[in-house]
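Architecture at a glance
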Amino acid sequence: MEKNTPSENWPLWEVFIRTRQGLDHKHAGSLHAADAQMAMENARDVYTRRNEGISIWVVESIHIHASAPDEAGSFFDPANDKVYRYPTFYNLPDELKNI
Amino acid sequence: MLPAEKIFEDKIAREVRIEPKDWMPEDYRKLLIRQMSQHAHSEIVGMLPEGNWITRAPSLRRKATLIAKVQDEAGHGLYLYSATETLGITREETIDQLHSGKAKYSSIFNYPTLTWADIGAIGWLVDGAAIMNQVPLCRASFGPYARAMVRICKEESFHQRQGFEILLTLSRGSEAQKHMCQDAINRWWWPSVMMFGPPDDASPNNQKSMQWKIKRFSNDELRQKFIDVCADQVRVLDMKLPDDKMKWNEETQHYEFGEINWTEFWSVVNGNGPCNKERLDARKKAHADGTWVREAAAAYADKKNHSSHIQ
Ligand SMILES: [Fe+2]
Ligand SMILES: [Fe+2]
């Protein structure tokens, strides 16, 4: 086994918390931990001390791929010219109800 | 101005948060790393003066409260270290900077906690000053910092209330307890007032920080707000703030206050406070003593990884 310094050994984890049944998991923050179990327990101690969660996901930060902010313009461009994706785009008479 | 810089300045002007991967001026990054890591270190070192009284808290209720408070401070340190790391500095680098003395932490924690009443005074005044500082930081222009501050501020208010409750109990107790209460206020008042940092005209980073909307109020503005609030609150305790010159000014609608001893402030910042060495030594010792735990956990994780690959 190669000997690493402890700093290199404890990867960074991103923490996602579901605050209530029925809601999505939401990013809460990050922490360092040696493995998933430790990440989970530390996440509980750090991010849910006041019942802020009923479920936790942890994922190593290196597994997250993010879109590039400086390419956001062109990356999200396809959605810019499609007003017909919104209900208000369609002209319908006022007397039409329940639609 | 570079196009990237223009975009950055424009976001600042429009109150759009800056996120870690966005382009930012090097000075903005540096200023944030300095302020945020210093803030993180303060949360961590801040556990020491209070930790001193956990084993001697006067009741189980007080003890449970104090443990919960100190644990919160550890959490605050972690939120802030994590947020700082998004700026491209590693956790180890920030911690090394604390241990080498390159990075500072709030000077207030270089004062000793001599009696139980100090725990009350810290909650009321030190956490009170911290809250005054931190609430506007929830709107800081750097996203991860602002989000960490929102979380922290939610947790802080119990810290101040439990402190005030300790002092209130003492203030209604025996003569000796009243005396203890006043003595703690006397010792913690001025260092708390100094927590807002040097006066605006002697604080070069203040202006930059405000311009980039990291800070929203200047040191002196926040200090005045704090003094105004405390001058009223101390009456509930039937105690006095140790400042003969303090008086209400009808015209400005603020309290006037006496001269702040900036010589003392700088002397403590520069390492000559009553507990500077003790605090730093305690931090370094805790880190060194924890080495085997970090190594063992890493070795265990490594072993598990290996065996799962073989299967
Ligand atoms: Fe805190
Ligand atoms: Fe606190």
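Structure: see above.
Residues numbered from 1 in each chain as written. Chains lettered and ligands numbered in written order. Predicted model: local features only at pLDDT ≥ 70, side-chain atom pairs only at ≥ 80, totals over all residues. Heavy atoms only, no water.

1. Structural notes on the overall build of chain B
- When you go through chain B residue by residue, the secondary structure sums to 13 helices and two strands.
- Along the first, second and third principal axes, the C-alpha atoms of chain B reach 70 × 50 × 35 Å.
- The buried share among the 311 residues of chain B stands at 53%.
- Of the roughly 15200 Å² of accessible surface on chain B, 56% is carried by carbon and sulfur atoms. (Helix = DSSP H or I, 4+ residues; strand = E, 2+ residues; numbered from the N terminus. Buried < 20%, exposed > 50% of the residue type's maximum accessible area, 1.4 Å probe, protein only. Areas by Shrake-Rupley, 256 points an atom, 1.4 Å probe, with all protein chains shown as cover.)

2. Things to note about the interface of chain A and chain B
- Opposite the 22 residues of chain A that make contact, chain B presents 23 residues.
- In total, chain A and chain B occlude about 2000 Å² of area from one another, counting both sides; carbon and sulfur atoms represent 54% of this.
- On inspection of chain A and its partner chain B, the count reaches five salt bridges.
- Note that Asp-35 of chain A is salt-bridged to Lys-304 of chain B, the shortest N-O span being 3.2 Å.
- The tally of links from chain A across to chain B stands at ten residue pairs in polar contact (both at pLDDT 80 or more).
- Going through the elements one at a time, helix 1 (6–9), strand 2 (25–32) and helix 2 (36–47) of chain A are the ones with two or more residues in the side of chain A that touches chain B.
- Element by element, the count of residues in the side of chain A that touches chain B is highest for strand 2 of chain A, at four residues. (Contact = heavy atoms within 4.5 Å. Buried area = accessible area lost by both parts, 1.4 Å probe. Salt bridge = Lys/Arg side-chain N within 4 Å of Asp/Glu carboxyl O. Polar contact = N/O pair within 3.5 Å; in protein donor to acceptor, adjacent residues only side chain to side chain.)

3. Things to note about the nonpolar core
Residue and element names in this part refer to chain B.
- Counting residues in hydrophobic clusters, the biggest one holds 95 residues, and the most contacted among them are Tyr-28, Trp-124, Tyr-145 and Trp-189.
- Among the elements that make up this core, the one with the highest residue count is helix 6 (residues 117–137) (eleven residues).
- In this structure Trp-189 touches Leu-125, Phe-226, Ile-227, Cys-230, Leu-241, Pro-242 and Met-246, once residues within four positions along its chain are discounted. (Core = buried A, V, L, I, M, F, W, Y, C linked by side-chain atoms within 4.5 Å.)

4. Structural notes on the coordination of the iron ion (ligand 1)
Residues and elements named next belong to chain B.
- In the first shell of the iron ion (ligand 1), the protein supplies Glu-43 (OE), Glu-73 (OE), His-76 (ND1) and Glu-156 (OE), at 2.0 to 2.2 Å from the metal.
- Around the iron ion (ligand 1), the four donor atoms sit at angles spanning 82 to 157 degrees, and that spread fits a shape best called irregular.
- The iron ion (ligand 2) is placed at 3.3 Å from the iron ion (ligand 1), the two being bridged by Glu-73. Placement of His-76 in helix 4 (residues 60–85) and of Glu-156 in helix 7 (residues 143–171) is noted, with a sequence separation of 80 residues between them.
- His-76 sits in the buried class, given a relative accessible area of 0%.
- Relative accessible area serves as the criterion here: at 1%, Glu-156 is assigned to the buried category. (Donors = N, O, S within 2.8 Å, 3.2 Å for Na, K, Ca; no water. Tetrahedral: all angles 85-135°; square planar, octahedral: opposite > 155°, others 65-115°.)

5. Notes on the side chain of Asn-276 of chain B
Residues and elements named next belong to chain B.
- With respect to the element layout, Asn-276 can be found in helix 12 (residues 276–289).
- For Asn-276, the side chain forms a polar contact with the main-chain oxygen of Val-268, separated by 2.9 Å.
- Sequence-distant contacts of Asn-276, defined by excluding residues within four places in its chain, comprise Tyr-105, Asn-110, Val-268 and Gly-271.

6. Observations regarding the environment of Val-269 of chain B
Residue and element names in this part refer to chain B.
- Position of Val-269 among the secondary structure elements: in helix 11 (residues 262–272).
- Spatially, the C-alpha atoms of Val-269 and Ile-18 are 31 Å apart, while their sequence positions differ by 251 residues.
- Other than its neighbours up to four places away in sequence, Val-269 contacts Lys-104 and Ser-107.

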